[in-house]
Amino acid sequence: MSLLSAARAACRRRVGPNPSLCAALGATRAMSTNPETATDVHARPSFPMMRPEASVPPEEYAKLRKTCPVSKAKLFDGSDIWLITKHRDLVDALRDQRFSKVRTHPDFPELVEGAKAAVEGREPTFVDMDPPDWTRFRGMFERWFAGGYVEKLRPTIRGHVKELLDGMQRASKPVNLHEAFSLPVAFKTIYGILGIPFEDFEFLSNNIAMRSSGSSTARDAAAAQQELVDYMEKLVKEKERNPGNDMLSEIVKNDLRNGNISRDQLIAHAFLLVVAGNATVASMINLGVVELLANPDQLAAFKEDPEACAPGLALEICRFHSASALALRRVALEDVQLGGQTIRKNEGIIALNMSANRDEEVFRNADKFDIRRPEVGEQVAYGAGIHRCIAEYLALVELQEAFKGLFGRFPNIKLAVDESELEWSAPQADVGLKSLPVTW
Ligand code: HEM
């Protein structure tokens, strides 16, 4: 039996280290925020929980994994949500079709005020569907993200990386790596797949950045969002008039014309794909650079054989800093037993991949960044089950090419500020850097 399967078998035998405490945390009586010293205080912990500093995961995650891996917390509006903190429970939950991803379900857990209204006002995409709708729509897009297709795209991605590095070399130092390199690698790759004309790249990138930036005003963000939707509509109509051989053109020819998908549905999906993963890919590139620079032994290993180390590095950075950590939400369609608790019909869950990715029962020395970690393939940064990220393979290839290109061109690259001066995202938001000043 492999180490991993032995660890898993041991996990399966265990209900939890403290069943009575777990029963209390799951029941109607409420507990303190520290389950190890839990007292009956009629207050569940609030969710999202805060990172104590920089990129360190919230401290509560490790405590909950040990004491009560499936437990309740409170959302901003006072409603309850189940937190799933261990790897095995997360995988079980995400593979269980008794949990729904339909966000218009009245009890689907939302994390911010106004999210429910926003969801109801828009055309749904497969990211928020259950089978059979999910199956039909995801099936139309899947081939552009399959390994074979992405491998054919690898030289193009390498070309984007080279071009961006040329630009960095011409610029005056220090350079903000996030803007000059990490984000454009992601943008250029997805624009190419969708068939967005080169001359629109800048307009689109500015609007996407404006829409997603926490520092934009609500009005600017809403205006940028509307411009993007309008642009996508024009783009789809243009593909109907003059189809090429890109993704949108193929879907127009194969699915729009025969009624498998309506124009509005295609516009909504094109919008989804253009905004879905850019910030996350960019964040992983940034964080990979920061971790390599902070761990000289790992950097030396990577530089010695970048080709061999790049796949492990890309996976390990995604495990170590799960950047899409608040996305794995579901609502129970019937009562489900999970981790010794009963999740009742219509109760919401959030599967915390940032916590599961640090589960010591699966990842040895889980808090160590280790690009040669043998069990890294078990990472759940991209989720699990049917909704597992459609673009996982693509994102990993982007990361591999970005790291190889960057450290190949600038082997002496370093932070242009002290590590303590790096500006991190808000402690309750997905982990990321606001900018990354580098020099060489
Ligand atoms: C490092 C980069 C990325 C990470 C960590 C990531 C993470 C995730 C996660 C955790 C999910 C599962 C959500 C759930 O089960 O509720 C997901 C789904 C998805 N991701 Fe990504 N993602 C990344 C990049 C991308 C990119 C580049 C794209 C688009 C080009 C993309 C498009 C999607 C879509 C469409 C889904 C929905 C899949 C479905 O519901 O069937 N992602 N992603």
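The name an unreviewed UniProt entry assigns to the protein chain is Cytochrome P450 55A3 isoform A, from the organism Chlorella sorokiniana.

A. Quick peek at helix H13 (residues 278-294). A rise of 1.5 Å per residue sets the reference length of H13, with its 17 residues, at 24 Å; its end C-alpha atoms lie 24 Å apart and thus fit the reference within 8%. Here H13 lies mainly inside the structure; 14 of its 17 residues are buried.

B. Examining the environment of glutamate 250 more closely. On the secondary structure map, glutamate 250 appears in helix H11 (residues 247-256). On the basis of neighbour count, glutamate 250 is assigned to the partly exposed category, with 17 C-beta atoms found within 10 Å. Along the backbone, glutamate 250 and phenylalanine 141 are 109 residues apart, and their C-alpha atoms lie at a distance of 9.8 Å.

C. Summary view of the sheet that holds strand E3 (residues 99-100). Judged by pairing direction, the sheet is mixed, and its five strands sit side by side in the order E1-E2-E8-E5-E3 without closing on themselves. A single partner strand is all that each edge strand has here, and the edge strands are strand E1 (70-74) and E3. As paired elements, E3 and strand E5 (residues 329-332) share two bridges and run antiparallel to each other. Note on E5: the bridge partner recorded for serine 100 is valine 331.

D. Quick peek at the environment of isoleucine 251. Of note, isoleucine 251 is situated in helix H11. Between the C-alpha atoms of isoleucine 251 and lysine 239, which are 12 residues apart in sequence, the distance is 9.5 Å.

E. Here's a closer look at the nonpolar core. With 109 residues, the main nonpolar core has Ile84, Leu194 and Ala270 as its most contacted residues. It is helix H8 (residues 177-194) that contributes the most residues to this core, 10 residues altogether.

F. Quick peek at the sheet that holds strand E10 (residues 437-439). The strand order E4-E10-E9 describes an open sheet built from three strands, whose pairing is antiparallel. Pairing within the sheet leaves two strands with one partner each, and these edge strands are strand E4 (175-176) and strand E9 (414-415). Relative to E10, E4 runs antiparallel, the two sharing two bridges. From the neighbouring strand, valine 175 faces E10, where its bridge partner is valine 438.

What counts as what
- Residues numbered from 1 in each chain as written.
- Predicted model: local features only at pLDDT ≥ 70, side-chain atom pairs only at ≥ 80, totals over all residues.
- Helix = DSSP H or I, 4+ residues; strand = E, 2+ residues; numbered from the N terminus.
- Expected span 1.5 Å × (residues − 1).
- Buried ≥ 20, exposed ≤ 12 C-beta atoms within 10 Å, placed from the backbone.
- Pairing = 2+ DSSP bridges.
- Core = buried A, V, L, I, M, F, W, Y, C linked by C-beta atoms within 7 Å.

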